[in-house]
Amino acid sequence: MNSPTKILFVCLGNICRSPLADTIMCKLIADKYLSEKYEIDSAGILDYHEGEKADYRMRCHADFRGYEITHLSRPVEKSDFDKFDLIFGMDDQNIRDLESLAQNDEQKNKIHRMVDYCKEFNRSSIPDPYYGGDSGFELVIDMLEVACANLLEELEARNL
Ligand code: 4NP
C-alpha cells in the first residue's frame, strides 16, 4: 500500500481556522473510510498559543455544527516542510510567512491557498475570525466545509 498523503493546515495562531480545517478534513476522511490514506495535522505561524486548546468561541461554533476540535496549538517547524506533502495556508500573509520558512523550491511548491478550494465564496482568504463576532466563526466553518470537501474530491480524483 502507498504511504499516506500528509496534509498540514496552517493559520496564524493555530487556534481557530487551521485546527477547524484539520477536524473537518479528518471527519470527511473517516466518513469515507479513507483514514489510512491520509495524515492530517495543523500548525500556526505564531508560537504564542502553543499547547492551548482551540479558541473557546471556535470550539463552541464547531461543536454546534458537529465537529469536536481536540487539537492543541503548535507552531510550524522547519521539519514540517519535509514531513508533509501538501501545506495549506488560510490567508496571503500565512502564505508569505510559509514561503519565507521554506528552504528550497521543492518545499515552496508544497504551499497552497485553502481559499482556492472554495471559489464559490468569492473571497480572497479564509478570513481571520479572532477579532470579530459570531458571524465570522460561522463563515469560517461554511468556507472550510466546502474547501475540505473540494480538496478531498480533487485528491481522490487524482489518485485514480
Ligand atoms: P487563527 O486565529 O490564525 O485562525 O488561529 C488567530 C488566533 C490568534 C491570533 C490571531 C488570529 N492572535 O493574534 O493571537
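See the structure shown above.
Residues numbered from 1 in each chain as written. Predicted model: local features only at pLDDT ≥ 70, side-chain atom pairs only at ≥ 80, totals over all residues. Heavy atoms only, no water.

### Remarks on the site of the ligand
Residues in close proximity to the ligand include Cys 11, Leu 12, Gly 13, Asn 14, Ile 15, Cys 16, Arg 17, His 49, Asp 128, Tyr 130 and Tyr 131, which together make up its full environment. In the environment of the ligand, an oxygen atom lies 3.2 Å from a nitrogen or oxygen atom belonging to the backbone of Asn 14. When isolated, the ligand has an accessible area of 360 Å², and the protein chains bury 94% of it. (Near = heavy atom within 4 Å. Polar contact = N/O pair within 3.5 Å; in protein donor to acceptor, adjacent residues only side chain to side chain. Areas by Shrake-Rupley, 256 points an atom, 1.4 Å probe, with all protein chains shown as cover.)

### As for the pattern of salt bridges
Per the stated rule, a full pass over the model turns up 13 salt bridges. As a salt-bridge pair, Arg 17 and Asp 91 come within 2.9 Å of each other at their nearest N and O atoms. In this pair, Arg 17 sits in helix α1 (residues 17-31) while Asp 91 sits in the loop between β3 (86-89) and α4 (92-101), placing the two residues 74 residues apart along the sequence. As far as the burial class goes, Arg 17 and Asp 91 line up, both buried. Here Arg 65 ties to Asp 142 by a salt bridge, and the two come within 2.6 Å at their closest N and O atoms. Of this pair, Arg 65 sits in the loop between α2 (56-64) and α3 (80-83) while Asp 142 sits in helix α6 (residues 134-158), and the two are 77 residues apart along the sequence. Residue classification places Asp 142 among the partly exposed positions, given a relative accessible area of 30%. Put simply, Arg 65, Glu 138, Asp 142 and Glu 145 are held in one network by salt bridges that share partners. (Salt bridge = Lys/Arg side-chain N within 4 Å of Asp/Glu carboxyl O. Helix = DSSP H or I, 4+ residues; strand = E, 2+ residues; numbered from the N terminus. Buried < 20%, exposed > 50% of the residue type's maximum accessible area, 1.4 Å probe, protein only.)

### What to know about unusual backbone geometry
One non-glycine residue, Asn 14, lies in the positive phi region at around 55 degrees. Within the element layout of this structure, Asn 14 appears in the loop between β1 (5-11) and α1. Backbone geometry at Tyr 33 places phi at a positive 55 degrees, although glycine is not the residue there. If you trace the backbone, Tyr 33 turns up in the loop between α1 and β2 (38-44).

### Let's talk about α4
Looking at α4, one finds that the buried residues are Asn 94, Ile 95, Asp 97 and Leu 98. One face of α4 carries all of its buried residues, which in axial projection span an arc of 165 degrees. (Arc of directions from axis to C-beta.)

### Re the sheet that holds β3
Spatial ordering of the open sheet is given by β2-β1-β3-β4, a layout of four strands whose pairing is parallel. The strands lining the two open edges of the sheet, one partner per strand, are β2 and β4 (111-113). Neighbouring strand axes in the sheet, compared pairwise and without regard to direction, differ in orientation by 25 degrees on average. Pairing of β1 with β3, which is carried by four bridges, proceeds in the parallel orientation. Paired with Ile 7 across the two strands is Leu 86, which belongs to β3. Lying over the sheet, α6 contacts β1, β2 and β3, oriented at roughly 140 degrees with respect to β2. (Pairing = 2+ DSSP bridges. Axes fitted to C-alpha atoms, helices over the stretch in contact; angles between N-to-C directions. Contact = heavy atoms within 4.5 Å.)

### Considerations on the pairing of β2
Most of β2 sits out of view: six of its seven residues are buried. Bridge count for β1 against β2 is seven bridges, and the pairing is parallel. Bridge assignment links Lys 6 to a residue of β2, and that residue is Glu 39. One crossover worth recording links β1 to the parallel β2 by way of α1, and it is right-handed. (Right-handed = clockwise from strand over helix to strand, strands pointing away.)

These values are about where atoms sit, not about what they do.
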